[in-house]
Amino acid sequence: MYPTSCDTFVALPPSTEDQRIVFGKNSDRPCDEVQEVVYFPAKDHEPEEKVQCTYIEIEQVAQTHAVVLSRPAWLWGAEMGANEHQVCIGNEAVWGKESVDGEEALLGMDLVRLALERADTAERAVDVITDLLEKHGQGGNCMEDECGLTYHNSFLISDRTEAWVLETAGKYWAAERVKAGYRNISNEYSIETKIDREHPELRTYAEKQRWWNGKTEFNFATVYSYSNTARIEAANGRRCEGRKLLQKSQGHIKAETMMEILRDKESGINMEGLFMTTGSMVSVVPKDQNLPGVHFFTATPDPERSVFKPFIFVVDIKQLKHTCSPCFGEEDPVKKKPRFQSKPNRKHPLFLKHEGAAAIIDSGGVKGERIVEKMRVLEKQKLTEMEKYLTKGIEDATLLVHLFTDTVDEEFSIYSNA
């Protein structure tokens, strides 16, 4: 079973409204995998402290930033997320001519979390990820079962002023800066000749492997990609469709626009099947440093049948529990299991309630239609409320401490009263 989707988007002025950056991602994972939304506060760490990632332990830094993450419930890292400095990151699985290492190292999802915890700008996140790649490498099974799915990673990273696309092949990498307009990535290399930063041996390594003759213009995607595979063709089709959807709303892209793109099934962006969209994220970050960013997460599969719920970082959010959605686990253990042991039931209460509601929606009829209608009303209400903060700022931060969980409670009531 191979992933056939995962799409990440960013739009910057002048493609957006009101001088804002809009970020979005669909996380497409095995259909039986649970995704949870979790919050971890900023923290000071002891000298020589270590951090246990999904498979390996690495050195910890002196201080980590507050982060909100959407992640598969079994691992340490994250598919996507944001930090208190309004850095947003999503990753994609990519394959190419460079072989994928099955040895346990850092997962791409670990790198997403590590970069969010350690970087206060998008470009610094590029530094964090590439430094960790050089030191620890990437590799290991990216699924909880024993199928042995491994891949390289690409990343789309944004902050208040710009975005970066970072694409990797083992320890080698290329990065492209995006200062305006829009950009999206799927499960293929997309950086061509516009390379703003790169691994110092990126080109010499390609020459040694006889992928590039050293004379023609260096095109990263052409040099490092497979020559042609069905998987790459499918990813290219989705990336093109995603670009068309962004183009369609150019100059007027906002949170609702990105949510509709993530809900689009005809393009394959909202994935169904053995691999499906198990979690979605949309972030709206004003360029004005005095205004908060708003980060919306579903924490449930299929954004078409989910509610995007808002989260805002506030100065004093210590009273918020580690899990900002009603997921299991107060701390952050690496949720490993002995080989051949069956998967534990990781379904959190929201997932279970949503699962029941989705079955009613799928069966058709008036009851399902009413559920969807109420979900959209709740989402629209939250979008309207968040516009006030995006425009005028935060006057009373205490009102926002439980913003996400309060919205989850409202979603619960829709399902309970169905």
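Residues numbered from 1 in each chain as written. Predicted model: local features only at pLDDT ≥ 70, side-chain atom pairs only at ≥ 80, totals over all residues. Heavy atoms only, no water.

Going by the annotation in an unreviewed UniProt entry, the name recorded for the chain is Secernin 3, with Cyprinus carpio given as the source organism.

Draft legend 1. Looking closely at the pattern of salt bridges. For the structure on display, the rule yields 31 salt bridges. Close ionic contact of lysine 265 with glutamate 272 constitutes a salt bridge, the shortest N to O distance being 3.1 Å. Given a relative accessible area of 26%, lysine 265 falls into the partly exposed group. Notably, a salt bridge pairs lysine 309 with glutamate 411, separated by 2.9 Å at the nearest N-O pair. Here the residue lysine 309 occupies a position in strand S18 (residues 309-311), and glutamate 411 occupies one in helix H9 (residues 403-416), the gap between them amounting to 102 residues. The two residues lysine 309 and glutamate 411 agree in class, both being buried. Several salt bridges converge on common partners, so that one network encompasses Glu123, Asp127, Glu162, Arg177, Lys179 and Arg197. (Salt bridge = Lys/Arg side-chain N within 4 Å of Asp/Glu carboxyl O. Buried < 20%, exposed > 50% of the residue type's maximum accessible area, 1.4 Å probe, protein only. Helix = DSSP H or I, 4+ residues; strand = E, 2+ residues; numbered from the N terminus.)

Draft legend 2. Local environment of helix H7 (residues 349-362). In this model, H7 (14 residues) spans 20 Å end to end at C-alpha, consistent with the 20 Å of a helix rising 1.5 Å per residue. Regarding H7, the residues found buried are Leu350, Phe351, His354, Ala357, Ala358 and Ile361. For H7, the arc enclosing every buried residue in end-on projection is 130 degrees, short of the 170-degree limit, so these residues lie on one face. Residues of H7 that are buried in the fold lie against S18, helix H8 (366-392) and H9. Backbone geometry just after H7 places glycine 364 at a positive phi near 80 degrees. (Expected span 1.5 Å × (residues − 1). Arc of directions from axis to C-beta. Contact = heavy atoms within 4.5 Å.)

Draft legend 3. Main features of the sheet that holds strand S3 (residues 35-40). Spatially, eight strands are ordered S3-S8-S9-S10-S11-S12-S13-S15 in an open sheet, and the strand pairing comes out antiparallel. Two strands close off the open sheet at either side, each with one partner strand: S3 and strand S15 (197-198). Two elements, S3 and strand S8 (residues 67-72), share six bridges in a ladder whose sense is antiparallel. Residue pairing across strands places tyrosine 39 opposite valine 68, the latter belonging to S8. Helix-sheet contacts for helix H1 (residues 108-118) involve S3, S8, strand S9 (80-83), strand S10 (88-94) and strand S11 (152-158), and the interaxial angle to S10 is about 160 degrees. (Pairing = 2+ DSSP bridges. Axes fitted to C-alpha atoms, helices over the stretch in contact; angles between N-to-C directions.)

Draft legend 4. Highlighting the sheet that holds strand S14 (residues 181-185). One open sheet accounts for six strands, arranged S14-S1-S2-S16-S17-S18; its pairing is antiparallel. Of all strands in the sheet, those bounded by a partner on one side alone are S14 and S18. Along the sheet, successive strands turn relative to each other by an average axial angle of 15 degrees, direction set aside. The sheet contact formed by strand S1 (residues 7-12) and strand S2 (residues 20-30) spans five bridges and is antiparallel. What sits directly across from aspartate 7, in S2, is asparagine 26.

Draft legend 5. Region of the structure containing the nonpolar core. Of all hydrophobic cores here, the largest spans 51 residues; its most connected members are Phe218, Phe220 and Tyr224. Formed by 44 residues, the second largest nonpolar core is a distinct cluster that contains Ile58, Met109, Ala122 and Phe275. (Core = buried A, V, L, I, M, F, W, Y, C linked by side-chain atoms within 4.5 Å.)

Draft legend 6. Quick look at helix H6 (residues 255-262). Burial analysis of H6 places six of its eight residues in the buried class, which makes it a mostly covered element. All of the buried residues along H6 are Ala255, Thr257, Met258, Met259, Ile261 and Leu262.

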